[in-house]
Amino acid sequence: MTVLKAVRGTRDLLPPETELWNRVEATTRRVFARYNFGEIRTPIFEDTSLFARGVGEETDIVSKEMYTWEDGERFDRDLLRDKWLRENIARFESWSLDRTAAPKADFEGQQMDGSWEFVIFASQTTSSQLLSLADEVREWNAASGRFRGIGRIVIPTISEAAVVTTPEGILIEKVSGAFHKSSQSLTLRPENTAGVVRAYIEHKLGESGLLQKLFYIGPQFRRERPQKGRYRQFWQIGAEVIGPPSAGSESPLRDAEVLEMLASFLDELNITGWTLVLNSVGSATDRPKYVAALREALAPVKDQMSPDNQRRAETNPLRVLDSKDPADEAIIATLPKIADFLDDESKAHFAAVLAALDACGVQYEINPRLVRGLDYYTRTTFEFTHDGLGAQNALLGGGRYDGLSEMLGGPKAPGIGFAMGLDRLILTLQSAEAEPAPVLADAFIAPLGEALNAPALALARDLRRQGMRIELGDGAFRIRKSFEIGNKLARNIILLGEDEHASGILTVKNFATGEQTKIPRGDLAQALRSSGN
Ligand code: HAM
């Protein structure tokens with residue numbers, strides 16, 4: 001039988017390495033609490049459209065890297081068509097297909113007495129898409145004149161079916177669940193900002209009128225090519241500051257405070273050698289001007305670029321700047337810079353961020369090409385890089401997303417945040433310090449004979465309740481074996497024989513000093529504690 005292994009791009013974290021992870025997480029909680037952040041835990045999977053709308057369809061993350069599946073009963077076109085045919089066949093003399101003149105909607109039709117009846121198969125269709133689909137058919141019908149008289153459109157969607165009557169206005173009659181049960185496209189979260197903003201909107205957090213300062217620690221999932229520092233399941237420590245403009249959420253002070261928190265956090269972990277790289281990608285009004293300029297600059301040269309960049313040059317030129325394709329680098333270097341397109345407000349905002357950073361001595365470099373690979377960014381964007389990381393040198397990334405809440409159908413709620421690659425943070429620490437030593441228990445209890453197993457468990461319980469870290473042996477072990485195992489796992493060994501059990505005086509041996517003492521049961525915890533110091 002083949003031995004199963006962890007899936008490519010995922011890995012197990014084992015002790016003692018997990019001690020380091022716990023230390024970093026504890027430092028996160030301690031430092032972030034000083035800045036008055038509270039923890040948010042959002043689901044690991046979300047509706048796919050959250051990421052499509054929030055992060056952006058044309059980003060690498062959404063277009064290539066997401067783990068997406070159809071959840072619930074699958075939409076089975078053929079079954080559906082058979083069922084529909086069976087139910088309707090008697091009413092038709094013949095069934096004919098005509099797709100040639102069809103608009104985007106995929107349909108099959110039947111002409112009967114000068115009118116047509118047809119079915120549109122539309123998977124993953126929302127109500128609004130359904131309406132526009134119906135509109136599209138109506139328009140096409142009006143133009144082509146093919147569907148004279150009363151046509152009936154049956155639109156079975158994943159979650160609902162509808163009957164639409166044309167041409168006298170569109171009447172949509174929902175017949176929910178008529179064909180199949182509901183199904184939804186879900187995605188393992190590739191990042192957590194969209195989820196946090198969804199939660200902010202869903203729980204109306206903005207109604208408090210206060211800034212929401214939320215942090216998270218958790219796994220994210222991207223189908224990237226695995227290499228050192230890049231995994232398909234990886235961990236992020238992130239934080240978001242978001243709120244209504246009246247709470248000061250747009251203030252450059254928020255940007256500087258978040259960046260200062262990161263610098264202090266890295267200091268507290270003794271991580272040195274990082275570089276803060278900053279840029280401003282402008283506001284929602286600067287951006288279209290820049291994108292137009294990019295498009296214009298790309299038009300004459302895009303044919304010389306990689307197929308991905310040729311497509312992006314059309315669909316989302318900003319994403320050309322994220323390209324890691326070395327062949328396209330020379331062209332990218334000639335493209336216009338966003339800094340030349342910032343309006344006065346964006347320039348002043350960026351200058352205020354820099355001034356606040358200068359005031360508290362946080363050093364930075366400005367990189368006018370740093371646009372970051374997610375569509376929601378506005379104004380300040382940043383990354384902390386670390387040379388020790390090799391090719392995947394971004395320790396963390398973040399920025400402002402003043403329009404994200406509105407992109408997701410929420411109220412105006414500007415925000416700024418970051419996410420740190422926890423795996424990369426750990427790699428940095430591992431290269432700087434020795435592997436953590438395995439943690440030793442305070443004591444190993446050796447019951448001397450199987451009859452003493454039960455009293456040994458009771459003794460272990462008492463000591464554990466007093467905060468001691470205890471390993472429990474087994475009375476079936478010979479004493480030599482107990483000493484061998486105890487020496488690997490604990491600082492002390494407690495021998496529990498018949499005499500010790502009866503008298504309540506235990507024999508304790510310290511492995512480091514070799515010292516052996518008799519200690520009353522009631523004093524054991526105190527004695528172990530002082531021997532540990
Ligand atoms: P991001 O730049 O996509 O931003 O990811 C942030 C960090 O996560 C990266 O700098 C890197 O350290 C780590 N990371 C990303 N992909 C991987 C991977 N495959 N393996 C290991 N580590 C990885 C975001 O995710 C935004 N949500 C950040 C943000 C928060 N912006 C505003 N608020």
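Residues numbered from 1 in each chain as written. Predicted model: local features only at pLDDT ≥ 70, side-chain atom pairs only at ≥ 80, totals over all residues. Heavy atoms only, no water.

Got a sec to walk through the overall build of the protein chain? Specific residues and values, please.
Within the protein chain one finds 17 helices and 21 strands. A buried classification covers 48% of the 533 residues belonging to the protein chain. Considering only residue pairs separated by 6 or more positions, the protein chain has 68% of its internal contacts joining residues 24 or more positions apart. Surface exposure of the protein chain reaches about 26,300 Å², of which carbon and sulfur atoms provide 52%. (Helix = DSSP H or I, 4+ residues; strand = E, 2+ residues; numbered from the N terminus. Buried < 20%, exposed > 50% of the residue type's maximum accessible area, 1.4 Å probe, protein only. Contact = heavy atoms within 4.5 Å. Areas by Shrake-Rupley, 256 points an atom, 1.4 Å probe, with all protein chains shown as cover.)

So what's going on with the side chain of Thr-193? Residues and values would help.
Turning to its location among the elements, Thr-193 is positioned in helix α6 (residues 193-202). Side chain to side chain, Thr-193 and Glu-240 meet in a polar contact 2.9 Å long. Beyond its immediate stretch of four places on either side in the chain, Thr-193 contacts Tyr-216, Glu-240, Tyr-376, Tyr-401 and Leu-404. (Polar contact = N/O pair within 3.5 Å; in protein donor to acceptor, adjacent residues only side chain to side chain.)

Give a description of the site of the ligand that names residues and reports values.
With respect to spatial proximity, 26 residues lie near the ligand, and among them Glu-191, Glu-224, Tyr-231, Glu-240 and Tyr-377 are the closest. One nitrogen or oxygen atom from the side chain of Thr-193 is found 2.8 Å from a nitrogen atom belonging to the ligand. The side chain of Arg-222 places a nitrogen or oxygen atom 2.9 Å from an oxygen atom of the ligand. Burial of the ligand by the surrounding chains reaches 96%, relative to a free accessible area of 660 Å². Listed by contribution, the elements that provide at least two residues to the shell around the ligand are β11 (233-242), β15 (394-400) and β16 (415-421). Element by element, the count of residues in the shell around the ligand is highest for β15, at six residues. By residue class, the composition of the shell around the ligand is 11 nonpolar, eight polar and seven charged. (Near = heavy atom within 4 Å. Nonpolar A, V, L, I, M, F, W, Y, C, P; charged D, E, K, R; others polar.)

Hey, could you go over the confidence of the model for the protein chain for me, with residue numbers and the actual values?
Detailed reading of the predicted model is not advised wherever pLDDT is low. Here the protein chain averages 83 in pLDDT, while 79% of its residues score no lower than 70. With pLDDT under 50 throughout, residues 88-127 is counted as low confidence; its partners more than four residues away or in other chains account for 101 contacts. Across residues 146-182 the pLDDT falls below 50, and counting only partners more than four positions away or on other chains, this stretch makes 121 contacts in the model. (pLDDT = per-residue confidence, 0-100.)

Can you break down the pairing of strand β21 (residues 516-520) residue by residue, with the values?
Working note: regular strand, side chains alternate between the two faces of the sheet. Sheet analysis places strand β20 (residues 505-510) next to β21, joined by five bridges and oriented antiparallel. Bridged to Thr-507 within β21 is Lys-518. In sequence, β20 turns back onto β21 through a hairpin of five residues, with Gly-514 there showing a positive phi of about 80°. (Pairing = 2+ DSSP bridges.)

Please set out helix α17 (residues 524-532) residue by residue, giving values where relevant.
If you check which residues of α17 are buried, you get Leu-524, Ala-525 and Leu-528. Taken down its axis, α17 places every buried residue within 100° of arc, on the same side. For α17, the secondary structure elements touched by its buried residues are β17 (441-447), α14 (453-465), β18 (470-472), β19 (490-496), β20 and β21. (Arc of directions from axis to C-beta.)

I'd like to hear about the packing of aromatic side chains, residue by residue, with values.
Summed over the entire model, instances satisfying the criterion amount to 11 aromatic pairs. Ring plane angle 70° and centroid distance 5.8 Å describe the contact between Phe-45 and Trp-69, whose orientation is recorded as edge-to-face. Residue Phe-45 is located in strand β2 (residues 45-47), and its partner Trp-69 is located in strand β3 (residues 68-72); the two are separated by 24 residues in the primary sequence. Judged by its relative accessible area of 30%, Trp-69 is partly exposed. Look at Tyr-376 and Tyr-377: their rings are 4.8 Å apart centre to centre, the planes differ by 65°, and that puts the pair in the edge-to-face class. The exposure class assigned to Tyr-376 is buried, which follows from its relative accessible area of 3%. Exposure remark for Tyr-377: the relative accessible area of 4% places this residue in the buried category. Aromatic rings pair up to connect Phe-32, Phe-37, Phe-215, Phe-265 and Phe-418 into one cluster. In this structure, Lys-213 packs its charged tip against the face of Phe-37, placed 5.4 Å from the ring centre. Its end group placed over the ring of Tyr-67, Arg-223 keeps NZ or CZ at 4.3 Å from the ring centre. (Phe/Tyr/Trp six-rings, centres within 6.5 Å; stacked < 30°, edge-to-face > 60°. Lys NZ or Arg CZ within 6 Å of the ring centre and 35° of its normal.)

So what's going on with the sheet that holds β21? Residues and values would help.
Reading across the sheet, the five strands line up as β18-β17-β19-β20-β21 and stay open at both edges, with mixed pairing between neighbours. Strand pairing shows two members of the sheet lacking a second neighbour, β18 and β21, which therefore form its edges. Here the strands of the sheet are splayed against their neighbours by 30° on average, with no regard to which way each runs. Packed onto the sheet, α14 meets β17, β18, β19 and β20 and runs at close to 170° relative to β18. (Axes fitted to C-alpha atoms, helices over the stretch in contact; angles between N-to-C directions.)

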